[in-house]
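Coordinate inspection notes
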Amino acid sequence: MRIILAPMEGLADVHLRRLITAQGGFDWTVSEFVRVVDRLYPDRVFYGMCPELKNGGRTDSGTPVRVQLLGSDADAMAANAVRTVELGSHGVDINFGCPSKTVNRRNGGAIMLQEPESLYRVVSAVRAALPANVVVSAKMRLGFDDTSLMLENAAAIEAAGATELTVHARTRRQGYAPPAHWHELARIRQHIHIPLIANGDICSVEDYHRCVAAAGTVDVMLGRGAVRVPSLARQIRNNCQEESPWASIEPLLGDFWRQLSAVMSTRDRIGRIRQWVNYLRQRHPEAEVLWQVIRQEVDLQRLNALF
Ligand SMILES: Cc1cc2nc3c(=O)[nH]c(=O)nc-3n(C[C@H](O)[C@H](O)[C@H](O)COP(=O)(O)O)c2cc1C
């Protein structure tokens, strides 16, 4: 069983990655995506997206971080992949799932699922540019509008030399709307030989077991579920749902709040704590109470007293 903390742009940044991976149970995590256009970025771009590179490519609790790249220019992707590994990334992940219109308009992310050859081109260029012992993984959705190219896409990624494949069990058209279609992953599982990592809507120990049964793989990537329940990976690993996890979450909010004060404006900091509490309230009644207090609060002293 391998459990990975998902890349989540604007949500699972270095601060949240630090706090969530410290809860235990994760094998590695993936950075927010670096959008590659047509050239090699200066190092500060990689350090900005993945500050853990200055820490041996690990979160403070020692979880390895893999930088994610997004783009369709194979040469530029390869050049940036090489640099990111030189800087300390634990492998490279390639994003073929981003649904953003801006990104898709520039031929990056999920739009590439309409053309399996483009996936092959990018993955094989990155693979060829890196030493054989460096992991090259890819993350895709079931398809763009539908699943008609799903197996071809997965096969193209495997044939190009990817080491493993994560699949978010929805098409781009399905966005983030429940349910995730885990049973489709079983078809991919039968079609490829590299490890398959299931992703989408795994929010509890019970979900994990249902996903494993439907998808036929024990490896999973946790996204929003781990933002709502930071100890989720540990719970899955111990096969034991924790009864009242709020007691262990509250101190994390204080930690998060104080940590952000050093690195961002008050306005942004308030935005970030609200964002997390907004996720937490979907699972914890205590967070709902907190949400009602902070949703319009802008007074720093009062917020400092709360966190
Ligand atoms: C706010 C947000 C940002 C995301 N950013 C990325 C990203 O940068 N790269 C990526 O591959 N997937 C990204 N995703 C997709 C997640 O990694 C994951 O595939 C998706 O949320 C489904 O998993 P979940 O139901 O466990 O959250 C993002 C999702 C969310 C909600």
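Keep in mind it's a predicted model, so treat the numbers as computed, not measured.

When you go through the chain residue by residue, the secondary structure sums to 14 helices and eight strands. C-alpha atoms of the chain, sized along the principal axes, occupy 55 × 45 × 35 Å. Within the span of the chain, comprising 307 residues, buried residues form 54% of the whole. Taking the intrachain contacts of the chain between residues at least 6 apart in sequence as the baseline, contacts between residues at least 24 apart amount to 69%. Of the roughly 13,000 Å² of accessible surface on the chain, 50% is carried by carbon and sulfur atoms.

Time to look at the pattern of salt bridges. Scanning the model with the defined rule gives 19 salt bridges in all. Residues D201 and R224 are paired through a salt bridge, measuring 3.3 Å at the closest nitrogen-oxygen approach. Pair noted here: D201 is in the loop between β7 (196-199) and α8 (205-215) and R224 is in helix α9 (residues 224-228), with a separation of 23 residues, a long-range link. Residue classification places D201 among the partly exposed residues on the basis of a relative accessible area of 22%. Judged by its relative accessible area of 22%, R224 is partly exposed. Measuring nitrogen to oxygen at the nearest pair gives 2.9 Å for the salt bridge that ties E242 to R234. For E242, a relative accessible area of 26% puts it in the partly exposed group. By sharing partners, the salt bridges in this structure join R2, R66, E164 and D219 into a single network.

Counting through the fold element by element, G48 comes out in helix α2 (residues 43-49). Residue G48 is classed as exposed on the basis of its relative accessible area, which comes to 57%. Spatially, the C-alpha atoms of G48 and S248 are 29 Å apart, while their sequence positions differ by 200 residues.

Near the ligand you find 16 residues, and of these P7, Q68, N199, D201 and R224 are the closest. One nitrogen or oxygen atom from the side chain of K139 is found 2.8 Å from an oxygen atom belonging to the ligand. Here D201 contributes a backbone N or O atom positioned 2.7 Å from an oxygen atom of the ligand. Within the complex, the protein chains bury 89% of what would otherwise be the 610 Å² of accessible surface of the ligand. Class assignment for the residues of the shell around the ligand results in six nonpolar, six polar and four charged.

This part takes up the environment of D299. Its place among the elements puts D299 in the loop between α13 (285-294) and α14 (300-306). When its relative accessible area of 29% is taken as the criterion, D299 is described as partly exposed. Remark: the alpha-carbon pair of D299 and V205, spanning 94 residues in sequence, is separated by 38 Å.

With that out of the way, let us pick up helix α5 (residues 116-129). When the terminal C-alpha atoms of α5 are compared, their 20 Å separation across 14 residues agrees well with the 20 Å that a helix rising 1.5 Å per residue should span. Contacts from the buried residues of α5 go to α3 (74-86), β4 (92-96), β5 (136-143) and α6 (150-159).

Once that is clear, we can look at the domain arrangement of the chain. Looking at the assigned domains, one finds that the chain contains domain 1 (3-238) and domain 2 (246-306). For domain 1 versus domain 2, the separation of C-alpha centres amounts to 28 Å. Contacts between domain 1 and domain 2 engage 14 residues on the former and 15 residues on the latter. Buried surface at the junction of domain 1 and domain 2, summed over both partners, amounts to about 1,500 Å²; 58% is from carbon and sulfur atoms. Among the residues domain 1 hides against domain 2, the three largest losses belong to H15, L19 and R228. Together they make up 39% of the total. Where domain 1 meets domain 2, there are two salt bridges. The shortest N-O distance in the salt bridge between D13 and R272 comes to 2.6 Å. At the junction of domain 1 and domain 2, the tally comes to 10 residue pairs in polar contact (both at pLDDT 80 or more). Looking at the side of domain 1 that touches domain 2, the elements that each hand over two or more residues are α1 (14-21) and α9. Element by element, the count of residues in the side of domain 1 that touches domain 2 is highest for α1, at four residues. Broken down by class, the residue content of the side of domain 1 that touches domain 2 amounts to seven nonpolar, three polar and four charged.

With that out of the way, let us pick up the sheet that holds strand β1 (residues 3-5). Remark on secondary structure: sheet strands pair via backbone hydrogen bonds, oriented parallel or antiparallel. The strand order around the closed barrel formed by eight strands is β1-β2-β3-β4-β5-β6-β7-β8, and the pairing between neighbours is parallel. On average, adjacent strands in this sheet sit at an angle of 30° to one another, irrespective of strand direction. Bridge count for strand β6 (residues 164-171) against β7 is four bridges, and the pairing is parallel. Counted as the bridge partner of T166 is I197 from β7. Along the sheet, α1 contacts β1, β2 (28-35) and β3 (65-70); its crossing angle with β2, the most-contacted strand, is approximately 170°. Across the sheet, α3 is in contact with β3 and β4; its angle to β3 comes to roughly 165°.

Calculation criteria
- Residues numbered from 1 in each chain as written.
- Predicted model: local features only at pLDDT ≥ 70, side-chain atom pairs only at ≥ 80, totals over all residues.
- Heavy atoms only, no water.
- Helix = DSSP H or I, 4+ residues; strand = E, 2+ residues; numbered from the N terminus.
- Buried < 20%, exposed > 50% of the residue type's maximum accessible area, 1.4 Å probe, protein only.
- Contact = heavy atoms within 4.5 Å.
- Areas by Shrake-Rupley, 256 points an atom, 1.4 Å probe, with all protein chains shown as cover.
- Salt bridge = Lys/Arg side-chain N within 4 Å of Asp/Glu carboxyl O.
- Near = heavy atom within 4 Å.
- Polar contact = N/O pair within 3.5 Å; in protein donor to acceptor, adjacent residues only side chain to side chain.
- Nonpolar A, V, L, I, M, F, W, Y, C, P; charged D, E, K, R; others polar.
- Expected span 1.5 Å × (residues − 1).
- Domains from an automatic or database assignment.
- Buried area = accessible area lost by both parts, 1.4 Å probe.
- Pairing = 2+ DSSP bridges.
- Axes fitted to C-alpha atoms, helices over the stretch in contact; angles between N-to-C directions.

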